[in-house]
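Fold and geometry: a report
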Amino acid sequence: MMRIFLFLGLFLCAIWASDFSKKKLIKIDEGQDNFELINLDQARSTPPLDSQKALFDSSALKENQSAIRDKKLDFAIVFTSRRPFSYPSPQGPKNLSHTFSQNTLRALRLNFVNAAANGIYQSQKTLKSFSPQDASLINIAPFLRQEKDRGKIYADFVDYLIIINLNEFYISTTNFIFTQKTGANAVINFKLISAKGEVKSKNITLKIALDEDASPRQNYQKVLDEMPKMLAQVVHRQTRRLKVQ
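Residues numbered from 1 in each chain as written. Predicted model: local features only at pLDDT ≥ 70, side-chain atom pairs only at ≥ 80, totals over all residues. Heavy atoms only, no water.

Once that is clear, we can look at the overall build of the protein. Counting its secondary structure elements, the protein contains four helices and nine strands. Put simply, the protein runs from its N terminus to its C terminus through helices and strands in the order β-β-β-β-β-α-α-α-β-β-β-β-α. The proportion of buried residues among the 245 residues of the protein is 49%. Across the protein, contacts joining residues at least 24 apart in sequence account for 79% of those joining residues at least 6 apart. Accessible area for the protein stands at about 13,300 Å²; split by element, carbon and sulfur atoms hold 49% of it. (Helix = DSSP H or I, 4+ residues; strand = E, 2+ residues; numbered from the N terminus. Buried < 20%, exposed > 50% of the residue type's maximum accessible area, 1.4 Å probe, protein only. Contact = heavy atoms within 4.5 Å. Areas by Shrake-Rupley, 256 points an atom, 1.4 Å probe, with all protein chains shown as cover.)

Moving on, we come to the packing of aromatic side chains. Overall, the coordinates contain six aromatic pairs when judged by the stated rule. A ring pair is formed by F85 and F100, whose centres lie 5.6 Å apart and whose planes are at 90°; its orientation type is edge-to-face. Residue F85 is located in the loop between β3 (75-82) and β4 (86-87), and its partner F100 is located in helix α1 (residues 97-107); the two are separated by 15 residues in the primary sequence. Residue classification places F85 among the buried residues on the basis of a relative accessible area of 1%. Taken together, the aromatic side chains of F85, Y87, F100, F169 and Y220 make up a single cluster linked through ring pairs. Sitting above the plane of the Y220 ring, K94 keeps its charged end 4.8 Å from the centroid. (Phe/Tyr/Trp six-rings, centres within 6.5 Å; stacked < 30°, edge-to-face > 60°. Lys NZ or Arg CZ within 6 Å of the ring centre and 35° of its normal.)

Below, the discussion takes up the environment of L108. For L108, the location among the structural elements is in the loop between α1 and α2 (115-118). Considering only alpha carbons, one finds L108 and P228, 120 residues apart in sequence, at a separation of 9.1 Å.

Listed as buried for α1 are S97, F100, S101, Q102, N103, T104 and L105. Summarising the contacts, the buried residues of α1 are in contact with β3, β5 (94-95), β7 (160-175), β8 (180-194) and α4 (216-239).

The next thing to look at is the pairing of strand β9 (residues 199-209). Taking burial as the measure, the eleven residues of β9 include eight buried ones, the bulk of the element. Of the pairings in the sheet, the one linking β8 to β9 comprises eleven bridges and is antiparallel in character. If you follow N189 over to β9, its bridge partner there is N203. From the end of β8 to the start of β9, which pair antiparallel, there are four residues, and G197 there has a positive phi angle of about 100°. (Pairing = 2+ DSSP bridges.)

For the rest of this paragraph, the subject is the pairing of β3. Among the eight residues in β3, seven count as buried, and that is most of the element. One ladder, built from seven bridges, connects β3 with β7; its direction is parallel. Bridging across to β7, A76 finds its partner in L161. One ladder, built from three bridges, connects β3 with strand β6 (residues 135-137); its direction is antiparallel. The residue of β6 that forms the bridge with T80 is L137.

The next subject is the pattern of salt bridges. Across all of its chains, the model carries five salt bridges by this definition. A salt bridge links D74 to K72; its shortest N-O distance comes to 3.8 Å. What you see here is one network of salt bridges that share partners, running through K72, D74, R145, E147 and D156. (Salt bridge = Lys/Arg side-chain N within 4 Å of Asp/Glu carboxyl O.)

Shown next, in the form of structure tokens:
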């Protein structure tokens, strides 16, 4: 059975520890602790995993008999956003989530499955289990590889599922004696789910300084150019030692 069908039995594992009241004025804050490991086998009041309904229902998909296990890591990815994840401007708030997700994908040097295969995980079940209640899915299908050969759509094994929750964006101002500094801040939750059912969660705060002499449009573009690259750096650090399951 392909790993793309191995994400079975995961159920409401989201652990949220974000404290949005602490506005940390730092470039990248991944916290002092390592990943928070959620043990799916720990005692809980819900039924055993083998009796729970599968989070990812793959019953409608046919097993690809030609699929061959390879040595490369294959990833699926889901982006969600809480409203508002927007940049304030004189013309009104500008939604960042769509372009932010697109630019992050461009900066990530990981082997992602094609858009159709990734669509299995871009579902309401994923949203309810791993994201805040007020979050919504971001359609990233146009930014992923399009596989035209139907026989190859589900040929890759998914080793890990990445979930990126864009939780909050805000502008902060810090006053000094003779000057004032303005910065853009993004609060993001990153989850990594293995084919074996391990869920790791990390909260991240990204910050860049805004140019006081630049126009709102220029600073807006700076956020979209630089912050996704910063997020991609974090993801690369957390995935560089992974191995095929």
